[in-house]
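Here's the letter readout for the chains.
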Amino acid sequence: MTEALKNLAFDFAPLLAANLPPGAARWTGAAKYNFTGGNNDGDAVPVDGLIAAATASLKREGRNLATYNLATGPQGYRPLREFLVGKLKRDAAIDCTADDILLVSGSLQALDLVNQVLLTRGDTVICEQDTYQGTLTRFARLGVKAIGIPLDREGLRMDALAAALADCKARGVQVKMIYTIPTVQNPTATIMPEARRGELLRLAEQYGVAVFEDDCYADLIWDGKRPPSLYAMSRTHNVIHCGSFSKSIAPALRVGFLVAPWTIMSRMMPLKTDAGSGALEQMVLAEFCTQHFATHVPKLTRGLRLKLETLMDALAEQFGTAAEFADPKGGIFLWVKLPDAVDTQKLAHASLASGVAINPGPEWSTDKSYSKSRMRLCFASPSHEEIRQGVAALAEVCRREFGVPARIANVEQRARA
Ligand SMILES: Cc1ncc(COP(=O)(O)O)c(C=O)c1O
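Each value, and the rule that gives it
Residues numbered from 1 in each chain as written. Predicted model: local features only at pLDDT ≥ 70, side-chain atom pairs only at ≥ 80, totals over all residues. Heavy atoms only, no water. Pairing = 2+ DSSP bridges. Helix = DSSP H or I, 4+ residues; strand = E, 2+ residues; numbered from the N terminus. Buried < 20%, exposed > 50% of the residue type's maximum accessible area, 1.4 Å probe, protein only. Salt bridge = Lys/Arg side-chain N within 4 Å of Asp/Glu carboxyl O.

### A few points about the sheet that holds strand 14 (residues 374-378)
No. 1: What the 3 strands build is an open sheet, ordered 11-14-13; its pairing is antiparallel. Each having just a single partner strand, strand 11 (333-337) and strand 13 (359-360) make up the two edges of the open sheet.
No. 2: Bridging between strand 13 and strand 14 involves 2 bridges; their strand directions are antiparallel. The partner of asparagine 359 across the bridge, within strand 14, is arginine 376.

### Points about unusual backbone geometry
No. 1: Of note, the amide linkage connecting asparagine 186 to proline 187 takes the cis form, showing an omega dihedral of 15°.
No. 2: The topology assignment puts proline 187 in the loop between strand 7 (175-180) and helix 7 (194-207).
No. 3: A cis amide bond links valine 404 to the next residue, proline 405, at an omega of -5°.
No. 4: One can find proline 405 in the loop between helix 12 (384-402) and strand 15 (407-408).
No. 5: Residues other than glycine seldom take positive phi values, yet alanine 71 does so here, at roughly 60°.
No. 6: Structurally, the position occupied by alanine 71 is in the loop between helix 2 (47-61) and helix 3 (78-92).
No. 7: Among the residues examined, alanine 71 registers a relative accessible area of 55% and is labelled exposed.

### Digging into the pattern of salt bridges
No. 1: Enumeration according to the criterion identifies 25 salt bridges in this entry.
No. 2: Salt-bridge contacts for arginine 388 lead to glutamate 385; the nearest nitrogen and oxygen are separated by 3.4 Å. Of the two residues, arginine 388 and glutamate 385 are both situated in helix 12; the distance of 3 residues between them amounts to about one turn of the helix.
No. 3: Residues participating in the shared-partner salt-bridge network are Arg60, Glu61 and Glu287.

Pasting the structure below:
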């Protein structure tokens, strides 16, 4: 736009609604070595299967696109919900019917619906201390206080959860919900064992708190074994469960799902005001998944495991003992601890200039000082070669900025004075 045109441009600023979040920056393209976001492996998208599924379902039922929700009701395309009934029973031990499932536009819409139906400005919620950034930004925007509970290798620590609930009660604060990612947690990749799930539910019941179980990574476990979901284990039906096809098939499809008792489902549905999520995606997924989901997922996870091994090898080679991490049992992320001297927000800024994008820990945590020297790396979307080159470039920037690692690729470096 020229200067003259700029001066003529309408000024929206005085008309903007109150309390908007800050404006978005324009997208300037992805980094050459992109370890950010929850992107998946492009080579693992079952393109041929999706083409066949799209052709078959469109030929058979394409004319139903003329009707909102494909004429199968406001909860979404029924054959996809029927597929989920079987899948959730097999994998997560959930006994539900298609009427307990609402198809949504990615699990992000599930987060919005659950937040909207349960939370009011000033409310208190509990979540894992290190958790999904999209959840933390939503809580902040809603003006909700999020109490972060530290994790160990088995997820949310029950001693800390019990103490936080007791403390809130003593202060007269009713905790509204516990938001948790118990199965391949983001970013720590921990899987909460069954006994601990039982303890979490016992505490939630004791304090009259709802549980929101975000299970979007649950399909991506190397050995395919997982504990029953919190939803399945709850005796009092105080759990809302959400999942997604973003991680098992492709995030750009934007198809997720909520499972909830009708008492709360009926309160969420009026808040889903988009007249249904994308119907074509739902048709294609139903067609593809009923035939191929069970064989597609192990193929996907085998590839992800190999990429994780490349990442762990590259970190060991480039950072040596300076990079600490556990070996995840699934997922697409590695949560890495660097020495205390490293500020990963500064590192992320500096490394971007060298074409390496990382997620700095503080954006993924309620405890900014604990997470200051931690970072989250997504290993699903870069190629093996990009993982190796990207980690080498990151180590170079980190050494230049923070003197860490002192040795790179087993060659001693002179730390910055
Ligand atoms: C824990 C968690 N929940 C929800 C989402 C949103 O996923 P989607 O809306 O693509 O299903 C993500 C995305 O990375 C996530 O990590």
